[in-house]
Structures are given as C-alpha cells and as structure tokens.
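Chain and residue survey
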Amino acid sequence: MAHVGVTVPDIEAAIEWYEDVLGFETIMGPVEVDHGEDHIGRLCADVLGEFETVSIAHVATGNQVAIELFEFDDTESGPDPEPSDAGYFHICVIDPEIESLAAEIADSGGEHHTEIWELFPDQPYRMTYCKDPWGNIVEIYTHSHERIYSNQSDY
C-alpha cells in the first residue's frame, strides 16, 4: 500500500498534528492547486471533480506508507464516519505503547474513542480506536498486522 487520502478542514494544523502526535514526516507540501491550471491542476480536476483550489500535502510513516492530506476551498468538518456505510472509515497505526499514544491523541485535541481491547484472549495483541481532531478514526495496534493475523485460524 502506498497511501490513503484524507480530507481535512485545516491542512497546516493536520500536518502539525500528524507529525507531532503520530510521528509522521512531511515529504511534500502543502501545495495549492488551482482547478484546471497547469498540468497538476488539470490532473486534479479530472480526479477530484469541481473545486476552485485544493491544498495537498503528503506525510509518511516510518514504514513508507503515506497519508495524502487534502483541504478544499470549501472543506468543513464532516459527520462522524459510520462503520456500516460503504467506503473507508479508518486508518491504523502501530505503537506498542498503546495507552500513551491514545492519551496523547486525546490530550492533543483528538479523542480516545473506545476501550483498549485484546484482539484474541491470552495473546499480547491489543487495539483501540481514537479520533484525530477532525473526527477521522485512527486505530492503534500494538503489533504489526502480519504478526497479529498470520497465526490465527479464526476469530
């Protein structure tokens, strides 16, 4: 996986938050793109549809997966993601200090949304759901996805 796109109402604040709280690194931007202008403006118009301007930035994790942040000229905070609706509803990061990261998310304007759960009884794998300051769900795992699920036969 290369990246996930996330729309936020304040790209500068989002960059700062994802760097400071989750430890991501900004690798590009933000850059402002005008609809239909230059090559990137035409590309964005084709991909994103109607907009006047959009700001775009890329922040990356330590394992080379990125989040592409978007702020459109009319972006407002949206409703909470509904897990039963079709489409993407969360990202997941790995931190063995799950309690500390969840507390830091809450202390930085986000929310610790669920309890911390053992994924499987009598195993060290834990998870919890949080929200960033704009309501996007950030799941935290204590171990890599491959390590957690490669030896599980079922739930």
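Bear in mind that the values here come from a model prediction, so they are computed numbers and not experimental data.

1. Some remarks on the sheet that holds strand β3 (residues 53-60)
- Spatially, four strands are ordered β1-β4-β3-β2 in an open sheet, and the strand pairing comes out mixed. Either end of the sheet is taken by a strand with one partner, and the two such strands are β1 (3-7) and β2 (25-34). When the angles between neighbouring strand axes are averaged without regard to direction, this sheet yields 20°.
- Of the strands in this sheet, β2, β3 and β4 (66-72) are in contact with helix α1 (residues 11-20), which crosses β4 at around 160°.
- Together, β2, β3 and β4 form the strand contacts of helix α2 (residues 38-48), whose direction differs from that of β2 by roughly 90°.

2. What about a negative patch on the surface?
- A cluster of acidic side chains, namely Asp 10, Glu 12, Glu 16, Glu 19, Asp 20, Glu 25, Glu 104 and Asp 107, defines a negative patch on the protein surface.
- Elements with a contribution of two residues or more to the negative patch: α1 and α3 (98-107).
- Looking at where Glu 25 falls in the secondary structure, it is placed in strand β2.
- Using a relative accessible area of 54% as the deciding quantity, one classes Glu 25 as exposed.

Thresholds applied
- Counting restarts for each chain, with residues numbered from 1 along the sequence as it is written.
- Only residues with pLDDT of at least 70 are given local features in this predicted model, and only at 80 or more are side-chain atom pairs given and counted; all residues enter the totals for whole chains, interfaces and linings.
- Hydrogens and water are ignored here; the side-chain numbers use all heavy atoms of the structure.
- Think of it this way: DSSP has to see at least two bridges between two strands before they count as a pair.
- Where helices and strands are cited, they refer to DSSP runs of H or I of at least four residues and of E of at least two residues respectively, numbered from the N terminus.
- With axes taken as lines fitted to C-alpha atoms, and helix axes fitted only over the stretch in contact, angles between N-to-C directions fall between 0 and 180 degrees.
- In this description, contact between two residues means that some pair of their heavy atoms is separated by no more than 4.5 Å.
- Candidates for patches are residues over 30% relative accessible area with no salt bridge; among them, like charges are joined within 9 Å and nonpolar side chains (Val, Leu, Ile, Met, Phe, Trp, Tyr) within 5 Å.
- Accessible areas in this description were obtained via Shrake-Rupley with a 1.4 Å probe; residue shielding takes into account the shown protein chains only.
- Each reported salt bridge corresponds to a side-chain nitrogen of Lys or Arg within 4 Å of a carboxyl oxygen of Asp or Glu.
- In summary, the charge assignment counts Lys and Arg as positive and Asp and Glu as negative, without counting His or the chain termini.
- Where a charge sits is defined by one atom per residue type, namely NZ (Lys), CZ (Arg), CG (Asp) or CD (Glu).
- Each residue's exposure class comes from its accessible area (1.4 Å probe, protein chains only) as a fraction of the maximum for that residue type: buried when under 20%, exposed when over 50%, partly exposed otherwise.

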